[in-house]
Amino acid sequence: HGGHFAVLATGVDNMTISNLKIDTNRDAIDIDCCRHVRISDCSINSPNDDAIVLKSSYALGYAAPTENITITNCAVSGFDEGTFLDGTYGTTQKQAPDKGGVTGRIKFGTEANGAFRKITISNCTFEHCRGLAFETVDGAIIEDITVSNIVMHDIVNSPFFFRLGRRMRGPENLKIGTFKRVLIDNVIVYGT
């Protein structure tokens, strides 16, 4: 029961997160304004928030990018908190506090002032959770992204959610962000 975020890295370069098993009530791993990060071989359950979330906020006082990120061989889910670790995989909880169904997904944003660049997500599984989300509502650029070899089962809403919006939380005179060069390949979705 992590309380807030189990892992929160802000402005960190050259980091490896490997072989973690996390069962928590909030975000499990937040990567914000970081470069050269590898997340691999992790199993993460987070029914009330995101499992792995990339952010590019204004936390450093400027719009810093999140770039050169690899997420590979990870499993994310939204089973009842605690039932992932004890192996019972409970599904009695039907929705997160935002009323949108349990969470547990991999997500870009929502806090996103800088950019998401050169990111690869591969060989990951999603089970009893939301799907993959790319959200830029505070001016961030999303570009040069590859998603491949993904299996999704029992997704509680859309397997893919792309949002280009104009919330513009951050400094004045922000421009609306962009999506460029995003490849999604070899994805299996069932029970959705």
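See the structure shown above.
The rules behind each value
- Residues numbered from 1 in each chain as written.
- Predicted model: local features only at pLDDT ≥ 70, side-chain atom pairs only at ≥ 80, totals over all residues.
- Heavy atoms only, no water.
- Phe/Tyr/Trp six-rings, centres within 6.5 Å; stacked < 30°, edge-to-face > 60°.
- Helix = DSSP H or I, 4+ residues; strand = E, 2+ residues; numbered from the N terminus.
- Buried < 20%, exposed > 50% of the residue type's maximum accessible area, 1.4 Å probe, protein only.
- Lys NZ or Arg CZ within 6 Å of the ring centre and 35° of its normal.
- Pairing = 2+ DSSP bridges.

(A) Expanded view of the packing of aromatic side chains. The full count for this structure, using the stated rule, is seven aromatic pairs. Ring geometry for Phe79 and Tyr89: centres 5.3 Å apart, planes at 65°, overall edge-to-face. In this pair, Phe79 is assigned in the loop between strand S9 (75-77) and strand S10 (106-112) and Tyr89 in the loop between S9 and S10, connecting sequence segments ten residues apart. You can call Tyr89 partly exposed: its relative accessible area is 41%. Relative to Tyr89, the ring of Phe84 lies with its centre 6.1 Å away and its plane at 70°, an arrangement referred to as edge-to-face. Here a set of aromatic residues connected by ring pairs shows up, and it is made of Phe108, Phe116, Phe134, Phe160, Phe162 and Phe179. For Lys21, the ring lying beneath its charged end belongs to Phe84, and the centroid distance is 5.2 Å.

(B) How the structure looks around the pairing of S10. Here S10 lies mainly inside the structure; six of its seven residues are buried. The pairing of strand S7 (residues 52-56) with S10 spans four bridges and is parallel. Directly across from Ser56, in S10, lies its bridge partner Ala112. Taken together, the two bridges between S10 and strand S12 (residues 132-136) define a ladder with parallel strand orientation. Across the sheet, Phe108 pairs through a bridge with Phe134, a residue of S12.

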